[in-house]
Amino acid sequence: MKGKFSKYLSKEEWLITDKGWSKDELSVKESLFTLGNGYIGSRGIYEEIPDGTEPGTYIAGVYDAAASMVPELVNAPNPIDFRIIVEGEKLDIGRMDILESERILDLGKGLLVRKTLFSDTKGRRFLYQSLRFFSLRDKRIGAMQICLKALDKPARIIIQDTVDDSVTNIGSILEGRKRHTQLVDVSPIRDMNYLCVKTFTRKIWLAYTSFLAVARAGGHPVGTLNKIFNMLLKKGEMACFTKIFSIHTSKDFSARRLKKIAIKELHRAKELGFDGLLKRHIAAWQRKWEAREVKIDGDREAQKALCFNIYHLLISGKEGDDNVSIGARTLSGNGYHGHIFWDTEIFILPFFIYADPKIARNLLMYRFHRLNEARRIAGEKGYKGVLFPWESADTGKETTPAYSKHLDGSIIEIHTMDMEHHIVSDVAYGVCHYFSATGDNEFMLKAGLEILFETARFWASRATYNKKTKKFEIKKVIGPDEFHEDVNNNAYTNRMAAWNLYKTKEFYKYFDKKYPRFLRKIERKISLKSEEIEQWAHIADRIKIPFSKSKGIIEEFDGYLRKKDVLLKTLNHYFMPVLPADISLKDVGKTQIVKQADIIMLMYLLPEEFTKDIRLKSYLYYVKRTLHKSSLSPSIYSILACEVGDVTRGYLYFLFSLYADLKNRYGNTREGIHAASLGGTWQAVIMGFSGFRNMEGLPSFEPRLPGHWRNIKFCLKWKNSLLRISVSNKKIKFFAASKRKKGSILVKCFNSVYKVPFNKNYIIYKK
Ligand code: BGC
C-alpha cells in the first residue's frame, strides 16, 4: 500500500492485507483485524460503521448479566466511530462506489491501516486514509488518525465523531440484542469530551475521555470539542483528524476518582501526541515479539499465518492482572459470551508458559482466586474439593447457558455444566505443566498446591468403587467428545483423574521434603489429612480405563465400541471428514463418530502412559471416526499424527488449524477468534513438528518437520534461562541464554541426553 501511513508499516511478512470489500465478509474481517493489548480488544471495524458492522470493544474481566441468560463480556462503548458526510452523502464503504480499497493489519506493530478511494454519485473522488492502534505501552490509550482529500472538486464536509454508548451485545440465539450499560455522565472538560457509563448488574464504571484535533493542508492541528462540525475542503486539500482517547474502569480505580484519573491520563497522552504515542507503541511491540516469534524456513505462507495466530495470542494475554483469564473467543467477539473453558489451561496456557510465564501464572491465579466458588459447586453436587465451572466468567460461578445453538443451527439443551468434569484435572494439569517449566516454588506454595489438593479431593469423592470389578469408576460424564453425553468411564476423564490423584501425591511428597513448614500451613488451611493422600494413590491405581483387547485400543467410554460403527470416508477439499448424508447430527451420539480429539487428546497430554503400539492403534482407529467439529481438534491430531509417523497427515491437520480463522473454516469467525485453535496451532509447530516435550522437567526434542520445511526457529523460556532453538530433521542448534555465566542445561534430543552449556552456541546432530 502506498500512502500517508505506509512509512509506518513493517515488512510484507508481517502484513495481513485485505483488498477490496465484501459485505458478506464484513464481520469475519472485523474479528480478524482486532487490535488489542490484553487489557482491551477492539474489533477491526470500518470507522464509518457501515450497515451490518458489529462493533466490539471488550475489556478483560468486564462482565455483566443484564438481560442475558448468563453473565457475559460486555460490549463497551465504541470509541472508533467517525463519520464523514460529503456534499450530503455519507462516505461509507457499503454505500458509495469504491474505486479502490485496502486494509492492512500489521502484526509486527499492532496497527490497522486503511486506504479507500470513494466516488460519490456525481463521480467526485475522495481519498480516505486511516491508521489506528490500541497502545501496547500505554494500555488505556488508543489513537487514530483519519485523513481525507477531495481529489476533484472542493467539497463541503460534515464530521461526526463520537464514542458510541448505544452499542449492544449480540444475542446469538434466543435473547436478541442486549444492552449492558447505562449513562452516568457525559460532559466536555476543557478540550476533551468525557463519557462515563455503568454496567447494570455489576455496577462497573467505564470512563472514556477523548480529544479530537483537526489539521488542514499540513497546518497545525487544532483541538475541537464539537462532535459534529462542518468544513469546506478545497480541491486537492487534505484534512487530518486525530483522535486520542482513554478507557478506564472502576475495576482498577475507585469510581469516585475515575474522572480525574481519566482526564489526567488523556492529558499526558495528548502531550506525547499521536507520533509520540505511536513510537512508544511500536517499541513495545518490538519488545513483545522479541523471543516470541516462530520462524519456519521453507514455508512463507504458513509462517505468516502462524504469526497471525501468535499475534492474537499476544493481544489476549493481559499483563500484571491475576484476576482475569482468556475466553474461548479472546477479546475479539461475542462468541461463547466471553466465557473461559478448559481451552485456557490445555490450549492457550502452554504458549504463555514458554513465552510469557508471568501471564501463564496469572491465568492460573484466576482459578485460584475462585476456589471458594468451585468448592461451593462441588459441595452442592455432593462432592468434596473443587469443581470448576465448565464455563466461567468473572465470579467463578457456573455460567454455562441452559441452551445453545447446535452445529446444524437447531437449539439444544446443554448438559456440559452437569457432566463435563474433566475441567478439574485440566486445571490441575495446567498447574503441573507451569511448574515443571518454571520451577516457580513460590506459586506452588501460594496457590498451586492448594489447587492440586482440592482437585485430587474432588476426584476421590467423585469416583465410586465397584465391588465386582474391584475398580473405581466415574459415571455420568461428558468427555471432550461432546457428541456422547452421559457416559460412564470416559477414558480421558478417568485417566486424567488418576493422573491428577497420583501427581498430587508426588507433589505432596516433594514439597513435604523441601518446604515442610509451608506445607503444614496449607494442610491446616484446608484441613488436609495424611490418610487422604494415601487414599488418592489407592484410587489412582484402581481407576477403570476402558480397553479393547481385541482391537488393542483405549475405548472412549463403556460401551462405545458397541455403538454403530460409521467410518468417515469422505473428505472435503481441506482433507477433513464430512458427516455421511444418512446420519443426522441428532443421531450422532448413537454412532462411534467423535466430535473432537478425546482419546487422542489424552495420548497427547500423557504420552508416557501408553505404549507405542496402543498409541498407533488408537490413532488409526479414531482418526477415521473423528469429525473435528470443534476447533480444539485438528491441532491435537496434527501432533499425534507426527508422533506416530504420519507427518503428511499431521501437516494437513496443522494447515486446517492454522487457517481456522484466517479462512473462516468453522464458519463462525464472525463471533470472534478461536482462542484454543491459536494455542493449538502453536503447539502443533512446537510440540508436533519440532517434537518438543517437557518430560518431567527435561526439555526433549524429537523433530519431524514436513519435507519442505528446512528448519523452525523459536524460543522457549525455561526456568531461569531462555532457550533459542533452531530445529531441523538432522540437527538442533541451541543457545541457552542465562544470567549465570557458567553452567549448563540438560536437554534430550533424538533420544539421548546432552548438556547444553549456557551462553554458547551448541549443535546436536542426529546420529
Ligand atoms: C468444544 C469444547 C470447547 C468449547 C469452547 C466446544 O465446541 O467441544 O471442547 O471447550 O467449544 O471452545
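Treat the numbers as computed from the prediction; the structure is a model and nothing was measured. (Residues numbered from 1 in each chain as written. Predicted model: local features only at pLDDT ≥ 70, side-chain atom pairs only at ≥ 80, totals over all residues. Heavy atoms only, no water.)

Novice: Teacher, can you tell me more about the overall build of the protein chain here?
Specialist: A count of helical and extended segments in the protein chain gives 17 helices and 34 strands. When burial is assessed residue by residue, the protein chain has 63% of its 767 residues classed as buried. Within the protein chain, contacts between residues at least 6 apart in sequence are counted, and of these 66% link residues at least 24 apart. Accessible area of the protein chain: about 29800 Å², with a carbon and sulfur share of 50%. Positive and negative side-chain charges of the protein chain, numbering 126 and 87 respectively, have mean locations separated by a distance of 5 Å. (Helix = DSSP H or I, 4+ residues; strand = E, 2+ residues; numbered from the N terminus. Buried < 20%, exposed > 50% of the residue type's maximum accessible area, 1.4 Å probe, protein only. Contact = heavy atoms within 4.5 Å. Areas by Shrake-Rupley, 256 points an atom, 1.4 Å probe, with all protein chains shown as cover. Lys, Arg positive; Asp, Glu negative; His and termini not counted. Charge placed at Lys NZ, Arg CZ, Asp CG, Glu CD.)

Novice: I'm lost on unusual backbone geometry in this one. Help?
Specialist: One can expect most non-glycine residues to show negative phi and most peptide bonds to be in trans. Phi angles above zero are rare outside glycine, and Ile49 is one such case at about 55°. Within the secondary structure, Ile49 is located in the loop between β3 (40-42) and β4 (57-59). The backbone of Arg190 sits at a positive phi, close to 45°, despite the residue not being glycine. Mapped onto the secondary structure, Arg190 falls in the loop between β14 (181-189) and β15 (192-199).

Novice: Looking at this structure, I do not really get the sheet that holds strand β2 (residues 35-36). What am I missing?
Specialist: For sheets, the rule is that strands pair by backbone hydrogen bonds, running either parallel or antiparallel. Across the sheet, which stays open at both edges, the three strands sit in the order β2-β3-β4 with antiparallel pairing between neighbours. A single partner strand is all that each edge strand has here, and the edge strands are β2 and β4. Across three bridges, the pairing between β3 and β4 is antiparallel. Residue Gly41 lies in a different strand from β4, and its bridge partner there is Tyr58. (Pairing = 2+ DSSP bridges.)

Novice: Where do I start with a positive patch on the surface in this structure?
Specialist: Among the surface-exposed residues, Arg256, Arg257, Lys260 and Lys264 lie close enough to one another that they form a single positively charged patch. Among the secondary structure elements, Arg257 is positioned in the loop between β19 (238-249) and α2 (258-289). (Patch = residues over 30% accessible without salt bridge, like charges linked within 9 Å, V, L, I, M, F, W, Y side chains within 5 Å. Salt bridge = Lys/Arg side-chain N within 4 Å of Asp/Glu carboxyl O.)

Novice: It is not clear to me how the state of the cysteines should be interpreted in this structure. Could you clarify?
Specialist: Linking two cysteines covalently via their sulfur atoms produces the bond known as a disulfide. Per the counting criterion, the structure on display carries one disulfide. One disulfide in the model links Cys147 with Cys240; its S-S distance is 2.3 Å. Residues Cys147 and Cys240 are joined by a disulfide whose S-S torsion is about 115°; by sign, that bridge is right-handed. One end of the pair, Cys147, is in strand β12 (residues 141-150); the other, Cys240, is in strand β19, and 93 residues separate them in sequence. Like Cys240, Cys147 is buried. Of the cysteine sulfurs around Cys307, a residue in no disulfide, the closest is that of Cys715, at 14 Å. On the accessibility criterion, Cys307 (5% relative accessible area) is buried. Relative accessible area serves as the criterion here: at 12%, Cys715 is assigned to the buried category. (Disulfide = S-S within 2.5 Å.)

Novice: Sorry if this is basic, but what is going on with the nonpolar core here?
Specialist: Among soluble globular proteins, nonpolar side chains are generally buried collectively. Ranked by internal contacts, the top residues of the largest apolar core, which has 235 residues, are Ile84, Ile157, Phe241, Trp342 and Met601. When residues no more than four places from it in sequence are discounted, the contact partners of Phe241 are Phe82, Met144, Gln145, Ile146, Ile157, Ile159, Leu212, Ala213, Val214, Phe229 and Met231. (Core = buried A, V, L, I, M, F, W, Y, C linked by side-chain atoms within 4.5 Å.)

Novice: Looking at this model, I keep getting lost on a nonpolar patch on the surface. Mind explaining?
Specialist: A cluster of nonpolar side chains, namely Met69, Tyr403 and Ile411, defines an oily patch on the protein surface of about 260 Å² accessible area. Mapping Tyr403 onto the fold places it in strand β21 (residues 403-405).

Novice: Explanation requested: the side chain of Ser635 in the structure shown.
Specialist: Tracing the chain through its elements places Ser635 in helix α15 (residues 634-643). Given the relative accessible area of 0%, Ser635 is considered buried. Setting aside residues up to four positions removed in sequence, Ser635 forms contacts with Phe347, Ser657, Gly680, Thr681 and Ala684.

Novice: What is the right way to look at the sheet that holds strand β13 (residues 155-161) in this model?
Specialist: Taken together, the four strands give an open sheet; going across it, the order is β8-β7-β13-β18, and neighbouring strands pair in antiparallel fashion. Edge positions in the sheet fall to β8 (89-90) and β18 (228-233), since each has one partner strand and no second. Two strands pair when backbone bridges link them, and β13 and β18 are joined in this way by six bridges, in the antiparallel orientation. Directly across from Ile157, in β18, lies its bridge partner Met231.

Novice: I keep staring at the site of the ligand and nothing clicks. Help me out?
Specialist: Around the ligand, the neighbouring residues are Ala328, Tyr336, Phe341, Trp342, Asp343, Trp390, Glu482, Lys595, Gln596, Ser630 and Leu632. A distance of 2.5 Å is found between an oxygen atom of the ligand and a side-chain nitrogen or oxygen belonging to Asp343. Considered on its own, the ligand offers 310 Å² of accessible surface; in the complex 92% of this is hidden by protein. Partitioned by chemical class, the residues of the shell around the ligand number six nonpolar, two polar and three charged. (Near = heavy atom within 4 Å. Polar contact = N/O pair within 3.5 Å; in protein donor to acceptor, adjacent residues only side chain to side chain. Nonpolar A, V, L, I, M, F, W, Y, C, P; charged D, E, K, R; others polar.)

Novice: Would you mind going over the pattern of salt bridges with me for this structure?
Specialist: Once their charged atoms are close, side chains differing in charge can pair, the charge on each being opposite to the other. A full pass over the atoms with the stated rule returns 62 salt bridges. A salt bridge links Arg124 to Asp120, with the shortest nitrogen-to-oxygen separation between them at 2.7 Å. Here Arg124 falls in the buried class, since its relative accessible area comes to 13%. By relative accessible area, which is 3% here, Asp120 ends up buried. What emerges from the salt-bridge pattern is a single network uniting Arg375, Glu450, Glu454, Arg457, Lys525 and Glu532.

Novice: Explain the packing of helix α10 (residues 491-514) against helix α11 (residues 516-526) here, please?
Specialist: In contact at an axis separation of 6 Å, α10 and α11 are set at 125° when each is read in the N-to-C sense. The orientation of α10 relative to α11 falls into the category oblique. From α10, Tyr508, Phe511, Asp512, Lys513 and Lys514 reach across to α11, where they touch Pro516, Leu519, Arg520 and Glu523. Residue classes in the contact of α10 with α11 are distributed as four nonpolar, no polar and five charged. (Axes fitted to C-alpha atoms, helices over the stretch in contact; angles between N-to-C directions. Parallel < 35°, antiparallel > 145°, perpendicular 65-115°, else oblique.)

Novice: Which parts of the structure should I look at to understand the packing of helix α8 (residues 423-438) against α10?
Specialist: Helix packing for two helices is described by the angle between their axes and how far apart those axes are. Interhelical geometry of α8 versus α10 gives an angle of 40° and a closest axis separation of 9 Å. Our classification of the angle between α8 and α10 gives oblique. Judged by the twist between their axes, the crossing of α8 over α10 is left-handed. The residues of α10 that touch α8, namely those facing Val424, Ser425, Asp426, Ala428, Tyr429, Cys432 and Phe435, are Tyr492, Met496, Ala497, Trp499, Asn500, Lys503, Phe507, Tyr510 and Phe511. Residue composition of the contact of α8 with α10, by class: 12 nonpolar, two polar and two charged. (Left-handed = near helix turned anticlockwise from the far one by under 90°.)

Novice: Can you walk me through the pairing of strand β10 (residues 111-119) in this structure?
Specialist: In terms of burial, β10 is largely enclosed, as nine of its nine residues are buried. Taking every second residue as pointing to the same face, both faces of β10 are buried, with Leu111, Val113, Lys115, Leu117 and Ser119 on one and Leu112, Arg114, Thr116 and Phe118 on the other. Bridging between strand β9 (residues 97-106) and β10 involves nine bridges; their strand directions are antiparallel. From the neighbouring strand, Glu100 faces β10, where its bridge partner is Leu117. Here β9 folds back onto β10, and the loop between the two strands holds four residues, one of which, Gly110, carries a positive phi near 60°. Bridging between β10 and strand β11 (residues 125-134) involves eight bridges; their strand directions are antiparallel. Bridge pairing in β11 places Val113 opposite Leu131. Joining the antiparallel neighbours β10 and β11 is a turn of five residues, in which Gly123 adopts a positive phi near 80°.

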